[in-house]
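One-letter residues, chain by chain:
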Amino acid sequence: MADHQTELLKTALYDLHVELGAKMVPFAGYDMPVQYPLGVKGEHLHTRAKAGLFDVSHMGQVRLTGENRVAELEKLVPGDIAILKPGRTRYSAFTNDDGTILDDLMITNAGDSLFLVINAACKDDDIVHMRANLDNGVELIEIDDRALMALQGPDAARVLARFAPSVADLKFMSFAEIDVAGIACFVTRSGYTGEDGYEISVPNDRAEELARKLLAEEEVEAIGLGARDSLRLEAGLCLYGNDIDTTTTPVEGDLNWIINKRRREEGGFKGADIILDQLANGADRKRVGIKPEGKAPAREHTPVLNSDGEEIGEITSGGFGPTVDGPIAMGYVAIEFAAPGTKVDLMVRGKARPAEIVELPFAPHRYYRG
Amino acid sequence: MAKKFSQEHEWVEYEDGVATVGITDYAQQSLGDIVYVELPEVGKKLTKDGDAAVVESVKAASDVYAPLDGVVVEANEELDDNPALVNEAPESDGWFFRMELSDESQLDELMDEAAYKDFVEGL
(Lines give C-alpha, C1' and ligand atoms only; values in the text may rest on other atoms or scores of the structure.)
Protein backbone atom coordinates (compact mmCIF):
# COMPACT_ATOMS: atom_id res chain seq x y z
CA MET A 1 0.00 0.00 0.00
CA ALA A 2 1.32 3.43 -0.88
CA ASP A 3 2.34 5.76 1.88
CA HIS A 4 -0.27 8.30 2.73
CA GLN A 5 0.62 11.90 2.27
CA THR A 6 1.47 13.47 5.57
CA GLU A 7 -0.89 16.39 5.02
CA LEU A 8 -4.04 14.23 4.96
CA LEU A 9 -6.71 15.55 7.28
CA LYS A 10 -8.28 13.35 9.93
CA THR A 11 -11.89 13.39 11.01
CA ALA A 12 -12.90 13.28 14.68
CA LEU A 13 -13.52 9.53 14.23
CA TYR A 14 -10.09 8.69 12.80
CA ASP A 15 -8.80 6.88 15.89
CA LEU A 16 -12.01 4.87 16.08
CA HIS A 17 -11.68 3.78 12.43
CA VAL A 18 -8.13 2.58 13.06
CA GLU A 19 -9.19 0.79 16.22
CA LEU A 20 -11.98 -0.97 14.31
CA GLY A 21 -9.44 -2.26 11.79
CA ALA A 22 -10.46 -0.05 8.88
CA LYS A 23 -8.40 0.12 5.72
CA MET A 24 -7.68 3.83 5.42
CA VAL A 25 -7.30 5.56 2.07
CA PRO A 26 -6.84 9.16 0.97
CA PHE A 27 -10.15 10.66 -0.16
CA ALA A 28 -10.69 14.34 -0.94
CA GLY A 29 -7.74 15.28 1.24
CA TYR A 30 -8.85 13.15 4.20
CA ASP A 31 -7.63 9.83 5.52
CA MET A 32 -10.89 7.88 5.33
CA PRO A 33 -12.05 4.30 5.95
CA VAL A 34 -12.76 2.56 2.64
CA GLN A 35 -13.76 -0.66 4.38
CA TYR A 36 -13.69 -2.44 7.72
CA PRO A 37 -12.93 -6.11 8.33
CA LEU A 38 -16.50 -7.02 7.30
CA GLY A 39 -15.62 -6.03 3.73
CA VAL A 40 -17.40 -3.92 1.13
CA LYS A 41 -19.94 -6.56 0.15
CA GLY A 42 -20.77 -7.52 3.72
CA GLU A 43 -21.05 -3.87 4.76
CA HIS A 44 -23.34 -3.11 1.83
CA LEU A 45 -25.65 -6.04 2.57
CA HIS A 46 -25.66 -5.27 6.28
CA THR A 47 -26.77 -1.68 5.63
CA ARG A 48 -29.69 -2.89 3.49
CA ALA A 49 -30.62 -5.54 6.08
CA LYS A 50 -30.11 -3.69 9.37
CA ALA A 51 -28.18 -0.46 9.91
CA GLY A 52 -24.81 0.98 9.00
CA LEU A 53 -22.88 3.88 10.50
CA PHE A 54 -20.86 6.03 8.09
CA ASP A 55 -18.37 8.77 8.88
CA VAL A 56 -19.06 11.56 6.41
CA SER A 57 -17.27 14.27 8.38
CA HIS A 58 -15.14 15.09 5.35
CA MET A 59 -18.18 16.78 3.85
CA GLY A 60 -18.51 20.49 4.38
CA GLN A 61 -21.07 21.98 6.78
CA VAL A 62 -21.94 25.62 6.29
CA ARG A 63 -24.44 28.00 7.78
CA LEU A 64 -25.83 31.04 5.99
CA THR A 65 -27.32 33.83 8.03
CA GLY A 66 -28.73 37.25 7.22
CA GLU A 67 -32.28 38.14 6.31
CA ASN A 68 -31.66 37.93 2.56
CA ARG A 69 -30.08 34.47 2.72
CA VAL A 70 -32.81 32.69 0.77
CA ALA A 71 -32.96 35.10 -2.15
CA GLU A 72 -29.18 35.28 -2.29
CA LEU A 73 -28.71 31.49 -2.29
CA GLU A 74 -31.37 31.17 -4.99
CA LYS A 75 -29.00 33.08 -7.31
CA LEU A 76 -26.71 30.03 -7.20
CA VAL A 77 -29.12 27.06 -7.20
CA PRO A 78 -32.17 26.17 -9.32
CA GLY A 79 -34.26 24.97 -6.39
CA ASP A 80 -37.15 26.80 -4.74
CA ILE A 81 -35.60 27.55 -1.37
CA ALA A 82 -38.19 30.16 -0.40
CA ILE A 83 -40.86 27.47 -0.26
CA LEU A 84 -38.85 25.36 2.20
CA LYS A 85 -40.52 25.48 5.60
CA PRO A 86 -38.38 25.54 8.74
CA GLY A 87 -37.12 22.02 9.39
CA ARG A 88 -37.28 20.95 5.75
CA THR A 89 -34.35 19.87 3.59
CA ARG A 90 -33.91 19.89 -0.17
CA TYR A 91 -31.35 18.36 -2.53
CA SER A 92 -29.97 20.92 -4.97
CA ALA A 93 -26.94 21.91 -7.02
CA PHE A 94 -24.72 24.91 -7.55
CA THR A 95 -24.82 25.75 -11.25
CA ASN A 96 -22.48 28.03 -13.16
CA ASP A 97 -22.93 30.41 -16.09
CA ASP A 98 -22.54 27.49 -18.52
CA GLY A 99 -25.51 25.78 -16.92
CA THR A 100 -23.33 22.96 -15.64
CA ILE A 101 -22.90 21.71 -12.09
CA LEU A 102 -20.27 22.98 -9.63
CA ASP A 103 -21.45 20.71 -6.81
CA ASP A 104 -24.54 19.06 -5.45
CA LEU A 105 -25.64 19.80 -1.92
CA MET A 106 -28.29 19.54 0.77
CA ILE A 107 -30.01 22.75 1.85
CA THR A 108 -31.96 22.87 5.10
CA ASN A 109 -34.11 25.68 6.42
CA ALA A 110 -32.86 25.63 10.01
CA GLY A 111 -35.17 28.44 11.07
CA ASP A 112 -32.80 31.30 11.80
CA SER A 113 -30.36 30.21 9.11
CA LEU A 114 -29.79 27.90 6.15
CA PHE A 115 -27.73 24.80 6.88
CA LEU A 116 -25.82 23.42 3.89
CA VAL A 117 -23.95 20.15 3.45
CA ILE A 118 -21.52 20.20 0.52
CA ASN A 119 -19.11 17.70 -1.00
CA ALA A 120 -15.65 17.27 0.52
CA ALA A 121 -13.78 17.62 -2.75
CA CYS A 122 -15.69 20.78 -3.68
CA LYS A 123 -16.05 22.51 -0.35
CA ASP A 124 -13.19 24.99 -0.66
CA ASP A 125 -14.33 26.06 -4.13
CA ASP A 126 -17.97 26.17 -3.02
CA ILE A 127 -17.12 28.48 -0.15
CA VAL A 128 -15.14 30.81 -2.42
CA HIS A 129 -18.06 30.74 -4.88
CA MET A 130 -20.59 31.57 -2.18
CA ARG A 131 -18.49 34.30 -0.61
CA ALA A 132 -18.04 35.88 -4.03
CA ASN A 133 -21.73 35.77 -4.91
CA LEU A 134 -23.78 36.04 -1.73
CA ASP A 135 -24.39 39.72 -1.05
CA ASN A 136 -26.87 41.86 0.82
CA GLY A 137 -25.68 41.04 4.29
CA VAL A 138 -25.52 37.26 4.00
CA GLU A 139 -22.89 35.80 6.26
CA LEU A 140 -21.30 32.42 5.60
CA ILE A 141 -20.14 30.46 8.62
CA GLU A 142 -17.97 27.41 8.07
CA ILE A 143 -18.86 24.81 10.65
CA ASP A 144 -15.57 23.07 11.28
CA ASP A 145 -16.19 22.05 14.88
CA ARG A 146 -18.79 19.41 14.01
CA ALA A 147 -18.45 15.88 12.68
CA LEU A 148 -21.08 14.36 10.41
CA MET A 149 -22.18 10.75 10.50
CA ALA A 150 -24.91 8.87 8.72
CA LEU A 151 -26.95 6.04 10.21
CA GLN A 152 -28.65 4.21 7.34
CA GLY A 153 -30.79 1.14 6.92
CA PRO A 154 -34.18 -0.31 7.86
CA ASP A 155 -33.23 -0.47 11.55
CA ALA A 156 -31.77 3.06 11.68
CA ALA A 157 -34.94 4.66 13.08
CA ARG A 158 -35.41 2.00 15.76
CA VAL A 159 -31.78 2.33 16.85
CA LEU A 160 -31.60 6.12 16.91
CA ALA A 161 -34.93 6.41 18.74
CA ARG A 162 -33.33 4.60 21.71
CA PHE A 163 -31.14 7.69 22.13
CA ALA A 164 -33.62 10.32 20.96
CA PRO A 165 -37.28 9.18 20.83
CA SER A 166 -38.42 12.16 18.75
CA VAL A 167 -36.37 11.15 15.69
CA ALA A 168 -38.99 8.50 14.97
CA ASP A 169 -41.43 11.23 13.89
CA LEU A 170 -39.08 13.01 11.52
CA LYS A 171 -40.06 12.49 7.89
CA PHE A 172 -37.70 12.03 4.96
CA MET A 173 -35.87 15.30 4.20
CA SER A 174 -36.74 16.87 7.55
CA PHE A 175 -34.38 18.42 10.07
CA ALA A 176 -34.41 19.00 13.80
CA GLU A 177 -32.00 20.09 16.50
CA ILE A 178 -32.29 17.18 18.88
CA ASP A 179 -30.31 15.86 21.84
CA VAL A 180 -29.07 12.40 20.91
CA ALA A 181 -27.74 10.51 23.92
CA GLY A 182 -27.57 13.88 25.65
CA ILE A 183 -25.49 15.47 22.89
CA ALA A 184 -26.80 18.48 20.98
CA CYS A 185 -27.09 17.30 17.37
CA PHE A 186 -28.55 18.47 14.06
CA VAL A 187 -30.46 15.47 12.76
CA THR A 188 -31.74 15.20 9.20
CA ARG A 189 -33.76 12.23 7.99
CA SER A 190 -31.77 11.73 4.84
CA GLY A 191 -28.77 9.93 3.49
CA TYR A 192 -27.27 8.64 0.30
CA THR A 193 -27.95 4.92 0.30
CA GLY A 194 -31.59 4.73 -0.79
CA GLU A 195 -32.47 3.47 2.68
CA ASP A 196 -34.30 5.16 5.50
CA GLY A 197 -31.89 6.82 7.88
CA TYR A 198 -30.34 9.95 9.30
CA GLU A 199 -27.44 12.29 8.94
CA ILE A 200 -26.27 13.50 12.32
CA SER A 201 -24.13 16.59 12.81
CA VAL A 202 -22.42 16.32 16.18
CA PRO A 203 -19.76 18.40 17.96
CA ASN A 204 -16.29 17.02 17.19
CA ASP A 205 -15.50 16.46 20.85
CA ARG A 206 -18.57 14.24 21.32
CA ALA A 207 -18.48 12.45 17.95
CA GLU A 208 -16.53 9.41 19.02
CA GLU A 209 -18.71 8.97 22.12
CA LEU A 210 -21.85 8.99 19.98
CA ALA A 211 -20.36 6.70 17.33
CA ARG A 212 -19.36 4.17 19.99
CA LYS A 213 -22.86 4.23 21.47
CA LEU A 214 -24.45 3.62 18.09
CA LEU A 215 -21.96 0.90 17.17
CA ALA A 216 -22.66 -0.84 20.47
CA GLU A 217 -26.23 -1.47 19.31
CA GLU A 218 -26.48 -4.97 17.87
CA GLU A 219 -28.03 -3.84 14.57
CA VAL A 220 -25.23 -1.42 13.72
CA GLU A 221 -21.96 -2.01 11.85
CA ALA A 222 -19.37 0.54 10.77
CA ILE A 223 -19.50 1.05 6.99
CA GLY A 224 -16.74 2.45 4.78
CA LEU A 225 -16.64 4.53 1.64
CA GLY A 226 -16.53 1.42 -0.56
CA ALA A 227 -20.01 0.32 0.45
CA ARG A 228 -21.21 3.93 0.51
CA ASP A 229 -20.38 4.03 -3.19
CA SER A 230 -22.03 0.72 -4.11
CA LEU A 231 -25.12 1.63 -2.06
CA ARG A 232 -25.57 5.01 -3.73
CA LEU A 233 -25.01 3.51 -7.18
CA GLU A 234 -27.71 0.89 -6.58
CA ALA A 235 -29.94 3.74 -5.38
CA GLY A 236 -29.28 5.58 -8.67
CA LEU A 237 -27.81 8.59 -6.86
CA CYS A 238 -25.17 10.77 -8.49
CA LEU A 239 -21.59 10.93 -7.32
CA TYR A 240 -20.25 14.42 -7.96
CA GLY A 241 -17.11 14.20 -10.07
CA ASN A 242 -18.31 11.00 -11.75
CA ASP A 243 -21.95 11.35 -12.75
CA ILE A 244 -22.32 15.11 -12.62
CA ASP A 245 -19.68 17.81 -12.93
CA THR A 246 -18.87 21.01 -14.80
CA THR A 247 -19.45 19.22 -18.12
CA THR A 248 -23.05 18.21 -17.32
CA THR A 249 -26.20 20.26 -16.87
CA PRO A 250 -28.99 19.27 -14.47
CA VAL A 251 -31.18 18.39 -17.48
CA GLU A 252 -28.54 16.11 -18.98
CA GLY A 253 -28.04 14.65 -15.51
CA ASP A 254 -31.75 13.72 -15.34
CA LEU A 255 -32.14 16.08 -12.40
CA ASN A 256 -35.04 18.12 -13.84
CA TRP A 257 -36.86 17.60 -10.56
CA ILE A 258 -34.40 19.86 -8.72
CA ILE A 259 -35.48 22.79 -10.92
CA ASN A 260 -38.66 23.75 -9.14
CA LYS A 261 -41.73 25.26 -10.77
CA ARG A 262 -41.26 28.87 -9.69
CA ARG A 263 -37.63 28.85 -10.74
CA ARG A 264 -38.61 27.48 -14.17
CA GLU A 265 -40.86 30.49 -14.59
CA GLU A 266 -38.60 33.09 -13.05
CA GLY A 267 -35.07 31.85 -13.76
CA GLY A 268 -32.58 34.00 -11.89
CA PHE A 269 -29.97 31.31 -11.17
CA LYS A 270 -26.61 30.87 -12.83
CA GLY A 271 -26.89 29.28 -16.26
CA ALA A 272 -30.69 29.61 -16.22
CA ASP A 273 -30.85 30.56 -19.91
CA ILE A 274 -29.10 27.35 -20.95
CA ILE A 275 -30.82 25.10 -18.43
CA LEU A 276 -34.32 26.42 -19.11
CA ASP A 277 -33.73 26.12 -22.86
CA GLN A 278 -32.77 22.47 -22.36
CA LEU A 279 -35.84 21.95 -20.20
CA ALA A 280 -38.06 23.31 -22.96
CA ASN A 281 -36.32 21.79 -25.97
CA GLY A 282 -34.52 18.77 -24.54
CA ALA A 283 -30.85 17.98 -24.19
CA ASP A 284 -28.75 15.92 -26.60
CA ARG A 285 -27.87 13.34 -23.99
CA LYS A 286 -29.11 12.03 -20.69
CA ARG A 287 -27.92 10.16 -17.62
CA VAL A 288 -29.46 6.67 -17.53
CA GLY A 289 -29.19 3.39 -15.70
CA ILE A 290 -27.28 0.71 -17.56
CA LYS A 291 -27.52 -3.00 -16.72
CA PRO A 292 -24.74 -5.12 -18.19
CA GLU A 293 -25.87 -8.61 -19.21
CA GLY A 294 -23.78 -11.38 -17.72
CA LYS A 295 -21.47 -10.92 -14.81
CA ALA A 296 -18.65 -8.64 -15.95
CA PRO A 297 -18.79 -5.18 -14.35
CA ALA A 298 -18.22 -2.17 -16.61
CA ARG A 299 -16.39 0.63 -14.85
CA GLU A 300 -16.38 4.41 -15.30
CA HIS A 301 -15.23 5.66 -18.72
CA THR A 302 -16.36 2.45 -20.44
CA PRO A 303 -17.61 3.45 -23.92
CA VAL A 304 -21.28 2.75 -24.70
CA LEU A 305 -21.97 1.67 -28.30
CA ASN A 306 -25.09 1.32 -30.43
CA SER A 307 -25.78 -1.83 -32.46
CA ASP A 308 -23.73 -0.40 -35.34
CA GLY A 309 -20.72 -0.16 -33.06
CA GLU A 310 -20.82 3.63 -32.94
CA GLU A 311 -19.97 5.29 -29.63
CA ILE A 312 -23.10 6.89 -28.18
CA GLY A 313 -21.99 7.57 -24.64
CA GLU A 314 -19.92 6.62 -21.65
CA ILE A 315 -20.35 4.99 -18.27
CA THR A 316 -19.73 7.40 -15.39
CA SER A 317 -20.19 5.00 -12.45
CA GLY A 318 -20.06 1.25 -12.76
CA GLY A 319 -19.43 -1.70 -10.55
CA PHE A 320 -21.06 -4.55 -8.76
CA GLY A 321 -24.28 -4.20 -6.81
CA PRO A 322 -24.30 -6.66 -3.90
CA THR A 323 -28.08 -6.34 -3.41
CA VAL A 324 -28.76 -6.72 -7.13
CA ASP A 325 -26.10 -9.46 -7.10
CA GLY A 326 -24.71 -8.41 -10.44
CA PRO A 327 -23.04 -5.65 -12.37
CA ILE A 328 -24.73 -2.23 -12.46
CA ALA A 329 -23.83 1.11 -14.00
CA MET A 330 -25.01 4.57 -14.89
CA GLY A 331 -23.79 6.88 -17.56
CA TYR A 332 -24.66 9.27 -20.35
CA VAL A 333 -26.07 8.23 -23.73
CA ALA A 334 -27.30 10.18 -26.73
CA ILE A 335 -30.95 11.05 -26.13
CA GLU A 336 -32.30 8.71 -28.86
CA PHE A 337 -30.84 5.75 -26.94
CA ALA A 338 -32.00 6.85 -23.48
CA ALA A 339 -35.32 4.98 -23.36
CA PRO A 340 -35.42 2.05 -20.90
CA GLY A 341 -35.24 -1.23 -22.79
CA THR A 342 -32.80 0.07 -25.41
CA LYS A 343 -30.08 -2.48 -26.14
CA VAL A 344 -26.53 -1.18 -26.18
CA ASP A 345 -23.02 -2.62 -26.06
CA LEU A 346 -20.31 -1.79 -23.56
CA MET A 347 -16.71 -1.87 -24.72
CA VAL A 348 -14.89 -3.61 -21.87
CA ARG A 349 -11.26 -4.54 -22.47
CA GLY A 350 -11.67 -4.42 -26.22
CA LYS A 351 -14.78 -6.62 -26.29
CA ALA A 352 -18.32 -5.40 -26.97
CA ARG A 353 -20.58 -6.78 -24.25
CA PRO A 354 -24.38 -6.50 -24.31
CA ALA A 355 -26.24 -4.25 -21.88
CA GLU A 356 -29.62 -2.58 -21.57
CA ILE A 357 -30.77 0.90 -20.61
CA VAL A 358 -32.89 0.58 -17.46
CA GLU A 359 -34.89 2.74 -15.07
CA LEU A 360 -33.09 3.89 -11.94
CA PRO A 361 -32.82 2.98 -9.12
CA PHE A 362 -31.54 -0.60 -9.20
CA ALA A 363 -32.60 -1.09 -5.57
CA PRO A 364 -35.89 0.52 -4.55
CA HIS A 365 -35.74 3.57 -2.27
CA ARG A 366 -37.14 2.94 1.17
CA TYR A 367 -37.45 6.44 2.58
CA TYR A 368 -39.76 7.22 5.49
CA ARG A 369 -42.37 9.63 4.25
CA GLY A 370 -44.66 9.30 7.26
CA MET B 1 6.91 -29.25 -6.58
CA ALA B 2 6.60 -26.54 -3.95
CA LYS B 3 4.76 -23.35 -4.85
CA LYS B 4 6.64 -20.37 -6.27
CA PHE B 5 5.56 -16.75 -6.01
CA SER B 6 5.86 -13.58 -8.06
CA GLN B 7 6.22 -10.01 -6.85
CA GLU B 8 2.80 -9.37 -8.43
CA HIS B 9 1.26 -11.79 -5.92
CA GLU B 10 0.65 -14.74 -8.20
CA TRP B 11 1.51 -18.27 -7.17
CA VAL B 12 2.67 -21.06 -9.49
CA GLU B 13 2.63 -24.77 -8.89
CA TYR B 14 4.54 -26.77 -11.49
CA GLU B 15 3.80 -30.45 -11.95
CA ASP B 16 4.15 -32.84 -14.90
CA GLY B 17 5.01 -30.06 -17.30
CA VAL B 18 1.99 -27.90 -16.43
CA ALA B 19 2.01 -24.81 -14.24
CA THR B 20 -1.12 -23.92 -12.25
CA VAL B 21 -1.42 -20.20 -11.54
CA GLY B 22 -3.52 -18.26 -9.06
CA ILE B 23 -3.36 -15.20 -6.84
CA THR B 24 -2.05 -15.35 -3.30
CA ASP B 25 -3.94 -15.11 -0.05
CA TYR B 26 -2.32 -11.70 0.45
CA ALA B 27 -3.67 -10.58 -2.94
CA GLN B 28 -7.23 -11.73 -2.29
CA GLN B 29 -7.20 -10.04 1.11
CA SER B 30 -6.07 -6.77 -0.44
CA LEU B 31 -8.69 -6.97 -3.19
CA GLY B 32 -11.60 -7.84 -0.94
CA ASP B 33 -14.76 -9.57 -2.17
CA ILE B 34 -14.14 -10.91 -5.68
CA VAL B 35 -17.24 -10.60 -7.86
CA TYR B 36 -15.90 -11.48 -11.30
CA VAL B 37 -12.86 -13.14 -12.83
CA GLU B 38 -12.03 -12.87 -16.51
CA LEU B 39 -9.84 -15.79 -17.46
CA PRO B 40 -7.64 -16.23 -20.54
CA GLU B 41 -8.90 -18.51 -23.30
CA VAL B 42 -7.33 -21.90 -23.79
CA GLY B 43 -4.60 -21.62 -26.41
CA LYS B 44 -3.74 -18.05 -25.52
CA LYS B 45 -0.03 -17.35 -25.51
CA LEU B 46 1.07 -15.52 -22.39
CA THR B 47 4.20 -13.49 -21.85
CA LYS B 48 5.88 -13.16 -18.48
CA ASP B 49 4.64 -9.96 -16.78
CA GLY B 50 2.03 -9.46 -19.52
CA ASP B 51 -1.75 -9.34 -18.94
CA ALA B 52 -3.24 -12.75 -18.26
CA ALA B 53 -6.53 -12.29 -16.40
CA VAL B 54 -8.65 -9.65 -14.72
CA VAL B 55 -10.05 -9.92 -11.22
CA GLU B 56 -12.83 -7.58 -10.12
CA SER B 57 -13.86 -6.67 -6.61
CA VAL B 58 -16.95 -4.62 -5.76
CA LYS B 59 -14.82 -1.52 -6.02
CA ALA B 60 -12.27 -2.04 -8.81
CA ALA B 61 -10.81 -4.16 -11.58
CA SER B 62 -7.23 -5.39 -11.22
CA ASP B 63 -4.96 -7.04 -13.76
CA VAL B 64 -3.39 -10.40 -13.11
CA TYR B 65 -0.08 -10.88 -14.90
CA ALA B 66 1.44 -14.03 -16.31
CA PRO B 67 4.27 -15.04 -14.00
CA LEU B 68 5.95 -17.02 -16.81
CA ASP B 69 5.98 -17.41 -20.60
CA GLY B 70 3.72 -20.13 -21.96
CA VAL B 71 0.40 -21.22 -23.44
CA VAL B 72 -2.89 -21.56 -21.55
CA VAL B 73 -4.13 -25.16 -21.48
CA GLU B 74 -7.00 -24.84 -19.02
CA ALA B 75 -8.99 -22.12 -17.24
CA ASN B 76 -10.83 -22.65 -13.95
CA GLU B 77 -14.45 -22.52 -15.09
CA GLU B 78 -15.61 -22.86 -11.49
CA LEU B 79 -14.76 -19.19 -11.07
CA ASP B 80 -17.40 -18.17 -13.65
CA ASP B 81 -20.16 -19.28 -11.31
CA ASN B 82 -18.40 -18.80 -8.02
CA PRO B 83 -15.80 -16.02 -8.13
CA ALA B 84 -15.84 -15.93 -4.31
CA LEU B 85 -13.81 -19.15 -4.45
CA VAL B 86 -10.81 -16.88 -4.94
CA ASN B 87 -11.47 -15.40 -1.49
CA GLU B 88 -12.28 -18.72 0.12
CA ALA B 89 -9.45 -20.84 -1.27
CA PRO B 90 -7.04 -18.58 -3.16
CA GLU B 91 -4.14 -20.99 -3.21
CA SER B 92 -6.06 -24.19 -3.97
CA ASP B 93 -9.58 -24.44 -5.50
CA GLY B 94 -9.47 -20.77 -6.48
CA TRP B 95 -6.72 -21.28 -9.09
CA PHE B 96 -7.05 -19.21 -12.26
CA PHE B 97 -5.50 -21.10 -15.18
CA ARG B 98 -2.98 -23.75 -16.16
CA MET B 99 -0.21 -23.19 -18.68
CA GLU B 100 2.48 -25.08 -20.50
CA LEU B 101 5.75 -23.30 -20.02
CA SER B 102 8.02 -22.15 -22.82
CA ASP B 103 11.02 -21.94 -20.55
CA GLU B 104 11.08 -23.88 -17.29
CA SER B 105 14.17 -22.03 -16.16
CA GLN B 106 12.01 -18.93 -15.57
CA LEU B 107 10.71 -20.75 -12.48
CA ASP B 108 14.05 -20.09 -10.85
CA GLU B 109 13.39 -16.36 -11.02
CA LEU B 110 10.31 -16.68 -8.77
CA MET B 111 10.39 -16.60 -4.98
CA ASP B 112 9.92 -19.60 -2.73
CA GLU B 113 7.36 -19.39 0.07
CA ALA B 114 9.79 -18.07 2.69
CA ALA B 115 11.10 -15.37 0.36
CA TYR B 116 7.56 -14.35 -0.61
CA LYS B 117 6.58 -14.15 3.05
CA ASP B 118 9.50 -11.79 3.67
CA PHE B 119 8.56 -9.82 0.58
CA VAL B 120 4.97 -9.32 1.78
CA GLU B 121 6.07 -8.37 5.27
CA GLY B 122 8.27 -5.69 3.76
CA LEU B 123 5.34 -4.07 1.92
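Only a predicted model underlies this, so the values are computations on that prediction, with no experimental measurement involved.

(A) Spatial organisation of helix H4 (residues 123-133) of chain A. All names here are of chain A. The set of residues buried in H4 consists of Lys123, Asp126, Ile127, His129, Met130 and Asn133. The buried residues of H4 occupy an angular sector of 160° when the element is viewed end-on, so they sit on one face. Along H4, exposed side chains directed more than 90 degrees from the buried face belong to Asp124, Asp125, Val128 and Ala132.

(B) Representation of the pattern of salt bridges. This model, assessed by the stated rule, comprises 33 salt bridges over all chains. Here Arg262 of chain A makes a salt bridge to Glu74 of chain A, at a shortest N to O gap of 2.5 Å. Linking Arg262 of chain A in helix H8 (residues 261-266) with Glu74 of chain A in helix H3 (residues 69-74), this pair joins segments that are 188 residues apart in sequence. Residue Glu74 of chain A is classed as buried on the basis of its relative accessible area, which comes to 8%. A salt bridge links Arg349 of chain A to Glu38 of chain B, with the nearest nitrogen and oxygen atoms 3.2 Å apart. Here Glu38 of chain B lies in strand S4 (residues 34-38) and Arg349 of chain A lies in the loop between strand S18 (343-348) and strand S19 (351-358), a pairing that spans two chains. The exposure class assigned to Arg349 of chain A is partly exposed, which follows from its relative accessible area of 37%. Each member of the salt-bridge network shares a partner with another, and the members are Glu74, Asp80, Arg262, Arg263 and Glu266 of chain A.

(C) Quick peek at the pairing of strand S3 (residues 51-55) of chain A. All names here are of chain A. In terms of burial, S3 is a largely internal element, 5 of the 5 residues being buried. On S3, burial covers both faces: Ala51, Leu53 and Asp55 on one face and Gly52 and Phe54 on the other are all buried. Pairing analysis gives 4 bridges linking S3 to strand S13 (residues 220-223), with the strands arranged parallel. Directly across from Phe54, in S13, lies its bridge partner Ile223. Both S3 and strand S9 (residues 146-152) contribute to a ladder of 4 bridges, which runs antiparallel. In the sheet register, Asp55 faces S9, and the bridge partner there is Met149.

(D) The arrangement of the packing of aromatic side chains in detail. Residues and elements named next belong to chain A. Throughout the structure, instances matching the rule amount to 7 aromatic pairs over all chains. With 5.6 Å between their ring centres and 20° between their planes, Tyr91 and Trp257 make a pair best called stacked. Here the residue Tyr91 occupies a position in strand S5 (residues 89-95), and Trp257 occupies one in the loop between helix H7 (225-234) and H8, the gap between them amounting to 166 residues. When the ring of Phe175 is compared with that of Phe186, the centres are 6.0 Å apart and the planes differ by 45°; the resulting orientation is tilted. Taken together, the residues span a long stretch of sequence, with Phe175 in strand S10 (residues 175-180) and Phe186 in strand S11 (residues 183-188) at a distance of 11 residues. With respect to class, Phe175 is no different from Phe186; both count as buried. Here a set of aromatic residues connected by ring pairs shows up, and it is made of Phe115, Phe175 and Phe186.

(E) How the structure looks around the UniProt feature "modified residue: N6-lipoyllysine" (unreviewed entry) in chain B. According to UniProt, the "modified residue: N6-lipoyllysine" (unreviewed entry) feature falls on Lys59 of chain B. Tracing the sequence through the fold places Lys59 of chain B in the loop between strand S6 (51-57) and strand S7 (61-65). Beyond its immediate sequence surroundings of up to four residues, Lys59 of chain B is in contact with Gly226, Asp229 and Arg299 of chain A.

(F) Structural detail: the environment of Phe94 of chain A. All names here are of chain A. Its place among the elements puts Phe94 in strand S5. Classification of Phe94 by relative accessible area gives buried; the value is 0%. When the C-alpha positions of Phe94 and Glu74 are compared, they lie 9.5 Å apart, and in sequence the two are 20 residues distant.

(G) Inspection of the interface of chain A and chain B at higher detail. The partner chain B presents 14 residues to the 17 residues of chain A that form the contact. Buried area between chain A and chain B, summed over both chains or domains, comes out near 1400 Å², and the portion from carbon and sulfur atoms is 49%. Together, Lys295, Arg299 and Arg349 of chain A form the three largest contributors to the area buried by chain A at its contact with chain B, with a combined 39%. Between Glu56 of chain B and Arg299 of chain A there is a salt bridge, with its nearest N and O atoms 2.7 Å apart. For the pair chain A and chain B, the number of links is 11 residue pairs in polar contact (both at pLDDT 80 or more). At the level of elements, helix H2 (40-49), H7 and strand S16 (311-321) of chain A are the ones that each hand at least two residues to the side of chain A that touches chain B. Tallied by class, the residues present in the side of chain A that touches chain B amount to 5 nonpolar, 5 polar and 7 charged.

Rules and cut-offs
- Residues numbered from 1 in each chain as written.
- Chains lettered and ligands numbered in written order.
- Predicted model: local features only at pLDDT ≥ 70, side-chain atom pairs only at ≥ 80, totals over all residues.
- Heavy atoms only, no water.
- Buried < 20%, exposed > 50% of the residue type's maximum accessible area, 1.4 Å probe, protein only.
- Helix = DSSP H or I, 4+ residues; strand = E, 2+ residues; numbered from the N terminus.
- Arc of directions from axis to C-beta.
- Salt bridge = Lys/Arg side-chain N within 4 Å of Asp/Glu carboxyl O.
- Pairing = 2+ DSSP bridges.
- Phe/Tyr/Trp six-rings, centres within 6.5 Å; stacked < 30°, edge-to-face > 60°.
- UniProt positions renumbered as here; feature names shortened; annotations may be inferred.
- Contact = heavy atoms within 4.5 Å.
- Buried area = accessible area lost by both parts, 1.4 Å probe.
- Polar contact = N/O pair within 3.5 Å; in protein donor to acceptor, adjacent residues only side chain to side chain.
- Nonpolar A, V, L, I, M, F, W, Y, C, P; charged D, E, K, R; others polar.

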